[in-house]
Amino acid sequence: MGEIRDFRSGNRGEPPPSGALPRRLAAIIVGDIASYSRLMQADEEGTHARVKRIERDLIMPSIVEHHGSLVKTTGDGFIAIFDSPVEAVRCSIVIQQNLVGRNTSQPKHSRIEYRIGVNLGDVIVEPDDIYGDGVNIATRIEGIAEPGQVYISGAIYEQIKHKVVCGYESLGDRKVKNITDPVRVYRVLPDADALGRTRSRRENALIFFLGISVLIIATGVLWYLLAQPAGRRNEQAAAPTAAPTVAPAASPSPQPAPREAATQTPEPSPSVASAPPPPSPVPSPSPIPVREPDMIAIRGGSFAMGSNDDPTERPVHQVTIKPFSIGKYPVTVQQWNECAAAKGCAFTAVGKDDAPVSNVSWTDAQQYVAYLSQAAKKPYRLPSEAEWEYAARGGTTSKYWWGDKLQPGMAGCKDCGDLAAEQPAKVGGFKPNPFGLYDMGGGIDQWVEDCWHRSYQGAPADGSAWTGGDCSSHVLRSGSWKNDSRYVRPSNRDGYDTNVRYPTHGFRVALSP
């Protein structure tokens with residue numbers, strides 16, 4: 001979301017320190033353009049001009065019409081607050097419906113579509129910005145919304161469910177980043193009957209696919225029966241019902257082994273010479289060559305894991321790591337797309353080949369390591385959280401691997417110096433740590449194997465992945481280009497929904513000896 005002061009990137013709802021700040025209960029709208037980077041790459045000036053027209057002609061007037069206040073625009077999105085949850089949702093629906101009309105004349109790949117999240121929360125208000133968990137939750141909800149859709153929190157739903165004439169589809173409780181309790185999420189449908197139509201379409205689709213499945217099975221059985229060589233069918237028909245008779249000495253043809261019992265009088269078996277030759281085997285296609293990631297071997301050792309900088313990083317505890325190897329860089333767009341081309345990964349990534357792949361869920365990352373393991377015949381996996389931190393520290397004990405103060409050129413983040421960027425730099429664009437590893441802090445968030453736990457109480461001390469407990473969310477390390485420098489610390493940790501894709505999330509792989 002451009003420059004939303006880490007609302008999306010997990011600043012834990014902490015405003016800048018100051019005196020007593022004004023607070024208010026507000027309905028918050030957060031909007032963001034889907035595939036903004038791709039649109040800008042294809043037509044930078046044209047996309048910028050179109051976005052500004054949409055903001056001027058549609059978004060700002062709609063906010064004013066529904067008695068709201070525009071807090072800020074962010075290049076690819078906006079934030080607005082309203083006194084009334086009803087007006088906030090009505091405004092969101094109006095924006096999305098008007099965008100549909102604007103997009104009809106555009107080819108699908110050029111359409112500007114917003115994701116919108118709405119939440120009700122107590123926020124801190126400053127002249128040019130707002131802060132608090134209420135904003136963070138609205139941003140998280142927007143992050144999981146589909147393009148062109150409005151998603152709302154349970155708090156908003158309870159306020160509007162009998163007041164706004166539209167349909168609602170419950171998406172259940174969602175664990176969102178840096179928010180302690182799960183958030184109930186609803187998808188807003190265009191009218192009150194839309195949910196019934198949606199369910200009807202899904203039921204009809206299910207019936208259709210079940211029918212297709214039955215037809216395919218029946219066709220396969222019929223093909224099997226008809227495609228067998230005539231000799232084999234005659235052999236089955238001629239199989240004796242009792243013990244096989246001994247062949248005469250003058251006819252030394254080998255007697256086939258009995259198969260299924262025949263229900264009719266057996267006929268003489270055909271000679272071997274009369275049976276048609278078996279079909280030639282179809283050669284299997286050559287496997288697609290796999291480009292294995294560059295790996296760095298890490299010697300085992302012990303280290304103090306965690307810090308006292310944040311409750312999630314406590315208690316500091318001693319961990320012993322066994323030797324392993326870890327990717328020199330995060331997995332790139334090119335490596336991911338090789339997996340997608342081999343049908344091992346679920347989607348084709350966009351971006352430059354040497355950029356880290358992003359918008360990847362933990363489940364997606366597991367698909368890649370399964371593909372890589374099978375193609376390379378090696379046990380690739382995600383690193384454990386302990387392995388990742390041990391590798392990121394590079395044998396150091398300071399706040400960052402290079403020392404206790406920020407230095408330009410060491411990492412890609414919002415306040416990391418002159419090389420900070422608006423998007424992730426290519427892998428290896430910053431200096432490596434003492435172990436020769438790149439981007440172990442900043443650049444792209446990185447999934448690890450472990451399930452998310454709110455502290456290290458009960459964590460394993462042998463460096464293995466902590467997989468017990470609720471695994472609806474998993475651990476992320478490193479921080480991203482959208483985070484500030486505190487996320488670049490090797491001890492920083494975060495958690496996110498296992499199956500949810502997010503624009504700053506990527507990964508790197510590990511390998512046991």
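What you see is a predicted model, and the numbers here were worked out from it, not measured in a lab. (Residues numbered from 1 in each chain as written. Predicted model: local features only at pLDDT ≥ 70, side-chain atom pairs only at ≥ 80, totals over all residues. Heavy atoms only, no water.)

### Comments concerning the overall build of the protein chain
Okay, step 1: When helices and strands are counted, the protein chain shows 10 helices and 18 strands.
Okay, step 2: Expressed as a percentage of the 513 residues in the protein chain, the buried residues total 47%.
Okay, step 3: When contacts within the protein chain are restricted to residue pairs at least 6 apart in sequence, those whose partners lie at least 24 apart make up 72%.
Okay, step 4: By element, 55% of the accessible surface of the protein chain is carried by carbon and sulfur atoms, the whole surface being about 25500 Å². (Helix = DSSP H or I, 4+ residues; strand = E, 2+ residues; numbered from the N terminus. Buried < 20%, exposed > 50% of the residue type's maximum accessible area, 1.4 Å probe, protein only. Contact = heavy atoms within 4.5 Å. Areas by Shrake-Rupley, 256 points an atom, 1.4 Å probe, with all protein chains shown as cover.)

### Considerations on the sheet that holds strand β15 (residues 473–477)
Within a beta sheet, neighbouring strands are joined by backbone hydrogen bonds and run either parallel or antiparallel to one another.
Okay, step 1: Here we have four strands laid out as an open sheet, ordered β16-β15-β14-β17, and mixed in their pairing. Taken across any chain shown, the strands that pair with only one partner, and hence form the sheet edges, are β16 (494–497) and β17 (505–507). On average, adjacent strands in this sheet sit at an angle of 55° to one another, irrespective of strand direction.
Okay, step 2: Two strands pair when backbone bridges link them, and strand β14 (residues 445–451) and β15 are joined in this way by three bridges, in the antiparallel orientation. Of the residues in β15, the one forming a bridge with Trp 447 is Leu 476.
Okay, step 3: Here helix α9 (residues 362–376) sits on the sheet in contact with β14, β15 and β17, set at roughly 85° to β14. (Pairing = 2+ DSSP bridges. Axes fitted to C-alpha atoms, helices over the stretch in contact; angles between N-to-C directions.)

### Re the packing of helix α2 (residues 44–65) against helix α3 (residues 85–103)
Between two packed helices, both the angle of their axes relative to each other and the distance between the axes serve to describe the pair.
Okay, step 1: For the pair α2 and α3, interaxial distance at closest approach is 10 Å and the crossing angle is 145°. Our pair here, α2 against α3, has a crossing hand that is right-handed. Within the contact between the two elements, α2 uses Arg 50, Ile 54, Asp 57, Leu 58, Ile 59, Ser 62 and Ile 63 and α3 uses Cys 91, Val 94, Ile 95, Asn 98, Leu 99, Arg 102 and Asn 103.
Okay, step 2: For the contact of α2 with α3, the residue count by class is eight nonpolar, three polar and three charged. (Left-handed = near helix turned anticlockwise from the far one by under 90°. Nonpolar A, V, L, I, M, F, W, Y, C, P; charged D, E, K, R; others polar.)

### Some remarks on unusual backbone geometry
Among all residues save glycine, negative phi is the norm, and among peptide bonds the norm is trans.
Okay, step 1: That bond from Arg 314 to Pro 315 is cis: its omega, -5°, falls within 30 degrees of zero.
Okay, step 2: Within the element layout of this structure, Pro 315 appears in the loop between β10 (301–305) and β11 (317–321).
Okay, step 3: Positive phi outside glycine occurs at Lys 343, with the angle close to 65°.
Okay, step 4: Among the structural elements, Lys 343 can be located in the loop between α8 (333–341) and α9.

### Quick notes on the state of the cysteines
Okay, step 1: Enumeration over the complete set of coordinates arrives at three disulfides.
Okay, step 2: With its sulfur 2.0 Å from that of its partner, Cys 339 forms a disulfide with Cys 345. Classification of the bridge connecting Cys 339 and Cys 345 rests on its S-S torsion, roughly 95°, and on that basis the disulfide is right-handed.
Okay, step 3: Cys 345 sits in the buried class, given a relative accessible area of 9%.
Okay, step 4: Paired through a disulfide, Cys 451 and Cys 471 show a sulfur-sulfur distance of 1.5 Å. The disulfide joining Cys 451 to Cys 471 has a torsion of about 45° about its S-S bond and is therefore right-handed. (Disulfide = S-S within 2.5 Å.)

### Concerning the nonpolar core
Okay, step 1: The biggest cluster of nonpolar side chains holds 37 residues, and the ones touching the most others in it are Trp 336, Tyr 368, Phe 507 and Val 509.
Okay, step 2: For this core, the secondary structure elements donating two or more residues are α4 (133–144), β8 (183–189), α8 and α9.
Okay, step 3: By residue number, the principal contributor to this core is α9, which donates seven residues.
Okay, step 4: Among all residues touching Phe 507, those that are not within four sequence positions of it are Pro 330, Val 331, Trp 336, Val 357, Val 360, Ala 365, Tyr 368, Leu 382, Asp 445, Gln 446 and Trp 447. (Core = buried A, V, L, I, M, F, W, Y, C linked by side-chain atoms within 4.5 Å.)

### Overview of the environment of Ser 92
Okay, step 1: In this structure, Ser 92 sits in helix α3.
Okay, step 2: For Ser 92 and Tyr 151, which are 59 residues apart along the polypeptide, the C-alpha to C-alpha distance reads 9.5 Å.
Okay, step 3: In this structure Ser 92 touches Ile 29, Ile 116, Val 118 and Val 150, once residues within four positions along its chain are discounted.
Okay, step 4: Only 2.9 Å separates the side chain of Ser 92 from the backbone oxygen of Ala 88, close enough to count as a polar contact. (Polar contact = N/O pair within 3.5 Å; in protein donor to acceptor, adjacent residues only side chain to side chain.)

### Some words on the sheet that holds strand β12 (residues 324–327)
Okay, step 1: The four strands lie next to each other as β9-β12-β18-β13, forming an open sheet whose pairing is antiparallel. Of all strands in the sheet, those bounded by a partner on one side alone are β9 (295–298) and β13 (380–381).
Okay, step 2: Where β9 lies against β12, four bridges are found, and the strand directions are antiparallel. Within β12, the position partnered with Ile 298 by the bridge is Phe 324.
Okay, step 3: Along the sheet, helix α10 (residues 385–393) contacts β9, β12 and β13; its crossing angle with β12, the most-contacted strand, is approximately 75°.

### Concerning the pairing of strand β3 (residues 77–82)
Okay, step 1: Taken across its six residues, β3 has six buried, putting it largely inside the fold.
Okay, step 2: The alternating pattern of β3 places Gly 77, Ile 79 and Ile 81 and Phe 78, Ala 80 and Phe 82 on opposite faces, both of which are buried.
Okay, step 3: Pairing of strand β2 (residues 68–73) with β3 involves five bridges; the strand directions are antiparallel. In the strand pairing of β3, Gly 68 is matched with Phe 82.
Okay, step 4: Here β2 folds back onto β3, and the loop between the two strands holds three residues, one of which, Gly 75, carries a positive phi near 90°.

### Considering the environment of Asp 57
Okay, step 1: Looking at where Asp 57 falls in the secondary structure, it is placed in helix α2.
Okay, step 2: For Asp 57, a relative accessible area of 39% translates into the label partly exposed.
Okay, step 3: A distance of 3.0 Å separates polar atoms of two side chains, one belonging to Asp 57 and the other to Arg 56.

### Here we look at the pattern of salt bridges
Okay, step 1: Applying the stated criterion across every chain yields a total of 23 salt bridges.
Okay, step 2: Here Asp 57 makes a salt bridge to Arg 56, at a shortest N to O gap of 3.0 Å.
Okay, step 3: Here Arg 477 and Glu 389 are joined by a salt bridge, their closest N and O atoms 2.8 Å apart. Of this pair, Arg 477 sits in strand β15 while Glu 389 sits in helix α10, and the two are 88 residues apart along the sequence. (Salt bridge = Lys/Arg side-chain N within 4 Å of Asp/Glu carboxyl O.)

### Concerning a nonpolar patch on the surface
Okay, step 1: Taken together, the side chains of Ile 212, Leu 215 and Ile 216 make up a nonpolar region of the molecular surface, amounting to roughly 280 Å² of accessible area.
Okay, step 2: Looking at where Ile 216 falls in the secondary structure, it is placed in helix α6 (residues 194–227). (Patch = residues over 30% accessible without salt bridge, like charges linked within 9 Å, V, L, I, M, F, W, Y side chains within 5 Å.)

### Comments concerning the side chain of Asp 445
Okay, step 1: In this fold, Asp 445 is placed in strand β14.
Okay, step 2: For Asp 445, a relative accessible area of 4% puts it in the buried group.
Okay, step 3: Polar contacts involving the side chain of Asp 445 include one to the side chain of Thr 504, which spans 2.7 Å.
Okay, step 4: The contacts of Asp 445, once residues within four sequence positions are left out, are Lys 177, Leu 476, Arg 477, Gly 479, Ser 480, Asn 483, Thr 504, His 505, Gly 506 and Phe 507.

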